[in-house]
Amino acid sequence: MNIGQIYEDYFLDVYKYVRGLSASDTVAEEITQETFFRAMRSLDSFRGDCDVRVWLCRIARNCYFTYLKKQKHVTGNEADFDLTPDVTDIEQQLVDKDRAFAVHQALHALPEPYREVFTLRVFGELSFAQIGALFGKTDHWACVTYHRARQKIQKQTGGIS
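Model, not experiment: these values are computed from the prediction.

Draft legend 1. Structural view of the overall build of the protein. When its secondary structure is counted, the protein shows eight helices and zero strands. Counting helices and strands in the order they occur from the N terminus, the protein gives α-α-α-α-α-α-α-α. Expressed as a percentage of the 161 residues in the protein, the buried residues total 45%. Residue pairs at least 24 apart in sequence account for 68% of intrachain contacts in the protein once pairs closer than 6 positions are excluded. Accessible area for the protein stands at about 8700 Å²; split by element, carbon and sulfur atoms hold 48% of it.

So, in C-alpha cells, the structure goes:
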C-alpha cells in the first residue's frame, strides 16, 4: 500500500469523521493530519484485518481523544463521549444553522457509543458493517445503536425534522 494513495482516497472520509466528533474545522484538520502521520509510521504493521477506512478512523478516534486529554476536556471517562446525527431528517436540519446547532448540541450530549456510531455513519459515511467491525460488534448492533442515537437526537431537538 502507498500512503500517498491512501491519503488521496481517504482524506475526506477521515476529515468528515473527525469534523463530526469535534464540530471544528481547525481541530478536524489538525487531527486528520496527525491521523495520516501516525498511519504512515505504522503502515508496515497494518495487517489488513479490516477496511483501510476503518483502520484510519480508529487512529483518528485515538488522536482525537489524545487531543481532548491534552486540552483537559476529558474527565477521564471516554464513555462520556457521544456520536453524531442521522442522515435523513437530521441532514435536512443541518441546512438551517439554528437547527444544526440544536442537533450538534443534542449530539454532544449523547452518551457513548451513540455519538461515535452516529458520527461514523453520518459524517464518516461508513457502512453498518464497517462500524460494527470498528467496535468489534455486528452490523446489526451498529444499525440499532445508530437508530437509537437518531431517536435520542430527535427527542432532544423536539422532533425537529
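Additional details are given in the paragraphs that follow.
Draft legend 2. Geometry of the nonpolar core. Within the largest apolar cluster, 45 residues are counted, with the highest numbers of intra-cluster contacts made by Trp55, Leu56 and Tyr64. Residue assignment for this core shows that the elements contributing at least two residues are helix H1 (3-22), helix H2 (25-42), helix H3 (52-70), helix H5 (97-109), helix H6 (114-122), helix H7 (128-135) and helix H8 (139-156). Per-element tally for this core: the top contributor is H3, with twelve residues. Leave out the neighbours within four places in its chain, and tryptophan 55 touches Ala39, Ser42, Leu43, Phe46 and Cys50.

Draft legend 3. Quick peek at the side chain of aspartate 13. Here aspartate 13 shows up in helix H1. Polar contacts involving the side chain of aspartate 13 include one to the side chain of arginine 53, which spans 2.8 Å. For aspartate 13, the contacting residues outside a window of four places in its chain are Arg53, Phe123, Gly124 and Glu125.

Draft legend 4. The packing of aromatic side chains, seen in detail. Following the criterion strictly, the structure yields nine aromatic pairs and no others. Seen from their ring centres, phenylalanine 11 and tyrosine 15 are 6.2 Å apart, and the 15 degrees between their planes marks the pair as stacked. Placement of both phenylalanine 11 and tyrosine 15 in helix H1 is noted, with a separation of four residues, approximately one turn of the helix. When its relative accessible area of 24% is taken as the criterion, phenylalanine 11 is described as partly exposed. Through pairs of rings, three or more aromatic residues link up here, namely Tyr7, Phe11, Tyr15 and Phe36. Of note, arginine 121 hangs over the ring of tyrosine 146, and the distance from its end group to the ring centre comes to 6.0 Å. Between lysine 152 and the ring centre of tyrosine 114, over which it is positioned, the NZ or CZ distance is 5.0 Å.

Cut-offs and rules
Residues numbered from 1 in each chain as written. Predicted model: local features only at pLDDT ≥ 70, side-chain atom pairs only at ≥ 80, totals over all residues. Heavy atoms only, no water. Helix = DSSP H or I, 4+ residues; strand = E, 2+ residues; numbered from the N terminus. Buried < 20%, exposed > 50% of the residue type's maximum accessible area, 1.4 Å probe, protein only. Contact = heavy atoms within 4.5 Å. Areas by Shrake-Rupley, 256 points an atom, 1.4 Å probe, with all protein chains shown as cover. Core = buried A, V, L, I, M, F, W, Y, C linked by side-chain atoms within 4.5 Å. Polar contact = N/O pair within 3.5 Å; in protein donor to acceptor, adjacent residues only side chain to side chain. Phe/Tyr/Trp six-rings, centres within 6.5 Å; stacked < 30°, edge-to-face > 60°. Lys NZ or Arg CZ within 6 Å of the ring centre and 35° of its normal.

These results come straight from atomic positions and should not be treated as a statement about function.
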